[in-house]
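Now for the letters of each chain:
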Amino acid sequence: MIGPEACRSSAMRLSASHTTLLSSRARSSLVVILSVVAMIGILRIDDPATAAMQFIGMVKYPHSMPELFGVGEPASDQARQRALDQAIAIFLEGTRAKK
């Protein structure tokens with residue numbers, strides 16, 4: 001079953017760097033994963049490609065501006081983890097298949 005731990009593991013690998021996250025291969029892999037879990041009824045996702053980009057955005061956005069533009073302080077590991085945990089919770093709650 002897809003749960004917070006599986007999502008966290010995947011998201012941490014995907015968010016290792018801004019460049020990797022935006023690569024077509026990383027996006028394509030996430031689209032395939034989301035397509036499969038939607039097809040078997042674990043998550044309710046009509047458009048896996050859009051859902052993948054929304055998830056990536058939730059994981060990356062809170063910290064991307066300082067990293068991209070050198071504005072402000074880089075986020076601490078704790079802040080990154082909190083943002084990741086929250087993004088996973090929001091994404092899973094919003095896409096969970098109704099029982």
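Look up: the structure comes first, before these words.
Quick summary incoming for the structure in this document. (Residues numbered from 1 in each chain as written. Predicted model: local features only at pLDDT ≥ 70, side-chain atom pairs only at ≥ 80, totals over all residues. Heavy atoms only, no water.)

Some points on the nonpolar core
With 15 residues, the main nonpolar core has Leu30, Leu34, Leu43, Ile45, Phe55 and Phe91 as its most contacted residues. Put simply, the parts of the chain that give this core at least two residues each are helix H3 (24–39), helix H4 (48–69) and helix H5 (77–95). Setting aside residues no more than four positions away along its own chain, Leu34 makes contact with Leu43, Ile45, Pro48, Ala51, Ala52 and Phe91. (Core = buried A, V, L, I, M, F, W, Y, C linked by side-chain atoms within 4.5 Å. Buried < 20%, exposed > 50% of the residue type's maximum accessible area, 1.4 Å probe, protein only. Helix = DSSP H or I, 4+ residues; strand = E, 2+ residues; numbered from the N terminus. Contact = heavy atoms within 4.5 Å.)

Details of the side chain of Thr95
In this fold, Thr95 is placed in helix H5. Within the structure, the side chain of Thr95 is placed 2.8 Å from the backbone oxygen of Phe91, a separation counted as a polar contact. When near neighbours in sequence (up to four residues on either side) are disregarded, Thr95 contacts Leu43, Arg44 and Ile45. (Polar contact = N/O pair within 3.5 Å; in protein donor to acceptor, adjacent residues only side chain to side chain.)

These values are about where atoms sit, not about what they do.
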